[in-house]
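Structural overview for review
Here's the letter readout for the chains.
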Amino acid sequence: MNLGVIGTGYVGLVSGACFADFGHSVICVDSDASRVDTLTRGEVPFYEPGLAEIVKRNAAAGRLRFTTSVAEAVDGALVVFLAVGTPQSDNGEADLSQVDAAAREIAARLDGYRVIVTKSTVPVGTGVRLRELIAAHRTKPVAFDVVSNPEFLREGSAVNDFMRPDRVVIGTSSDQAAAIMREIYRPLYLIETPIVMTDVETSETIKYASNAFLAVKISFINEIANLCDRTGADVHVVAKGMGLDKRIGPKFLHPGPGYGGSCFPKDTHALAAIGRHRGVTQRIVETAIEVNRAQRDVVMDKLRQAAGGLEGKVVAVLGLAFKPNTSDVRESPALDICRRIVAEGGRVRGFDPVAATEAAHALADLADGVQYANDAYEAASGADALVVMTEWNEFRSLDMARLKSLVRCAALVDARNVVEPEAAKRAGFTYVAMGRGQHQA
Ligand code: NAD
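Residues numbered from 1 in each chain as written. Predicted model: local features only at pLDDT ≥ 70, side-chain atom pairs only at ≥ 80, totals over all residues. Heavy atoms only, no water.

**Overview of the side chain of Asn 149**
Quick note on the threshold: Counting from the N terminus, the helices are the DSSP runs of H or I reaching at least four residues and the strands are the DSSP runs of E reaching at least two. Two N or O atoms count as a polar contact when they lie within 3.5 Å, although within protein this holds only if one can serve as hydrogen donor and the other as acceptor, and sequence-adjacent residues are included solely when both atoms are side-chain atoms. Throughout, a contact is declared for two residues whenever any of their heavy atoms are within 4.5 Å.
Mapping Asn 149 onto the fold places it in the loop between strand 6 (144-148) and helix 7 (158-163). There is a polar contact of 2.6 Å between the side chain of Asn 149 and the side chain of Tyr 185. In this view, Asn 149 contacts Phe 81, Val 117, Thr 118, Lys 119, Val 168, Val 169, Ile 170, Met 181, Tyr 185 and Ser 203; residues no more than four positions away in its chain are not counted.

**Description of the side chain of Thr 193**
Considering the arrangement of structural elements, one finds Thr 193 in the loop between helix 9 (186-190) and strand 8 (195-198). Polar side-chain contacts of Thr 193 include one of 2.9 Å to the backbone oxygen of Leu 188. Leave out the neighbours within four places in its chain, and Thr 193 touches Pro 165, Asp 166, Arg 167, Val 168 and Leu 188.

**Some points on helix 12 (residues 264-277)**
To be explicit about the condition: To estimate the expected span of a helix, subtract one from its residue number and multiply by 1.5 Å. Type-normalised accessible area, obtained with a 1.4 Å probe on protein chains alone, sets the label of each residue: buried when under 20%, exposed when over 50%, and partly exposed for intermediate values.
The first and last C-alpha atoms of helix 12 sit 20 Å apart over 14 residues, in line with the 20 Å expected at 1.5 Å per residue. In terms of burial, helix 12 is a largely internal element, 11 of the 14 residues being buried. Along helix 12, the residues classified as buried are Phe 264, Pro 265, Lys 266, Asp 267, Thr 268, Ala 270, Leu 271, Ala 272, Ala 273, Ile 274 and Gly 275. Close packing links the buried residues of helix 12 with helix 10 (200-231) and helix 13 (283-307).

**Section: the packing of aromatic side chains**
Which entries qualify depends on this criterion: For Phe, Tyr and Trp, rings pair up if their centres lie within 6.5 Å, where Trp contributes its six-membered ring, and each pair is then called stacked (planes under 30 degrees apart), edge-to-face (over 60) or tilted (otherwise). Note on criteria: charge over ring means Lys NZ or Arg CZ within 6 Å of the ring centre, with the direction from the centre no more than 35 degrees off the ring normal.
Applying the stated criterion to the full structure yields 9 aromatic pairs. Ring geometry for Phe 19 and Phe 22: centres 6.1 Å apart, planes at 70°, overall edge-to-face. Residue Phe 19 shares its accessibility class with Phe 22, and that shared class is buried. Counting every residue linked through ring pairs, the aromatic cluster contains Phe 19, Phe 22, Phe 81, Phe 162 and Tyr 185. The residue whose ring lies beneath Arg 131 is Phe 144, and the NZ or CZ to ring-centre distance is 4.5 Å.

**Looking at the environment of Ser 173**
Here Ser 173 shows up in the loop between strand 7 (168-171) and helix 8 (175-184). Of the residues examined, Ser 173 reaches a relative accessible area of 75% and is grouped as exposed.

Structural data, given as structure tokens:
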């Protein structure tokens with residue numbers, strides 16, 4: 001089938017490349033010409049394991065093309081996916097300006113039946129609104145359907161998540177569009193992926209409810225970790241003991257500095273805004289947002305205490321991406337901690353295996369307050385404190401004795417609980433974790 005994908009960010013590029021790998025012919029569009037140039041050269045503009053190979057393979061096979069022209073995609077495709085950004089606006093709601101702009105461009109070009117699919121995360125009611133917007137802007141009285149097909153991939157394992165999802169959700173009231181969508185996802189149907197067919201509003205709600213639930217789970221275990229800090233219980237064992245209960249499950253029970261990234265923060269705010277508008281305050285989600293915000297203070301308190309204040313201190317920040325296996329630093333807790341350290345008169349020596357360039361761009365206004373190291377040991381040289389902010393695998397096996405020999409003061413705050421507490425203490429570190437009272441030095 002001929003498909004168009006508007007937006008070549010994490011979701012658009014992964015979806016487009018994987019659809020091509022399913023055997024479809026895909027035209028990917030981005031308004032950012034330099035991004036399209038990069039992709040046309042066969043390079044992927046961000047770090048995502050396994051993605052470059054799939055892009056190259058399908059581009060070489062002639063199934064995957066890149067362009068800046070929405071018109072080209074609409075002309076050549078039966079189904080057009082919207083995978084543009086839906087960032088948070090000042091009032092917490094999702095900013096739909098990219099979606100609306102792309103929909104208007106599609107409408108202007110419609111010359112026959114098309115299925116227009118929202119893969120971007122959009123608030124309940126967007127499908128209906130897009131139907132009206134496209135109907136108002138089309139220049140010919142052609143038929144079309146609007147379908148909701150939210151994406152659940154995770155950055156860092158996006159290709160695998162797309163190829164082997166827990167479920168595919170399709171929201172539409174049109175039998176014709178439903179049949180077309182089923183055909184697109186046939187390769188997943190064949191490997192028995194559950195496909196949830198529903199109406200547009202339910203599909204839109206499933207996406208926000210899923211992300212908000214995960215955010216709540218993270219905030220819940222963070223509060224339990226903070227309690228463990230006071231009681232001496234070990235949150236790792238608490239989480240294990242909870243997670244073995246199949247009704248709870250072990251995932252998303254890892255305490256840390258609070259969730260970040262391009263989805264949970266904005267999606268929880270958007271769901272809270274939807275609730276307020278509809279007169280059904282989402283109190284649990286509102287509280288999760290508040291708990292998440294406060295969790296950064298918990299990390300700063302630990303750091304300040306371990307380092308004996310931050311004024312004039314050098315802090316090695318290990319990990320800058322919002323999570324491992326990605327170069328994405330959007331809403332990264334690590335960057336927030338860097339800013340706070342500098343605001344308190346400290347200096348940061350940051351290291352990340354792949355996200356240093358993105359971090360330097362995002363923190364450009366801090367100028368000399370933040371320097372970047374080539375590895376964790378260089379970051380630690382002469383530092384007064386270390387803080388682990390991203391659970392990159394390589395931080396699990398740091399050579400503690402070597403680190404200790406490099407630092408000026410031996411304060412180590414493990415905001416991700418990835419360091420072996422005993423190894424850190426043996427090396428002579430003052431070790432502080434999240435909710436592991438008994439294991440702290
Ligand atoms: P992104 O910001 O990485 O990419 C969006 C791309 O769309 C950019 O390259 C931008 O230049 C392009 N664009 C914007 N307007 C355009 C237009 N009119 N025409 C052509 N291109 C245009 O965003 P993302 O992280 O891929 O997220 C996209 C959507 O998917 C969001 O709604 C997000 O919430 C949702 N989502 C993201 C993830 C994730 O892990 N990143 C997971 C699931 C869902």
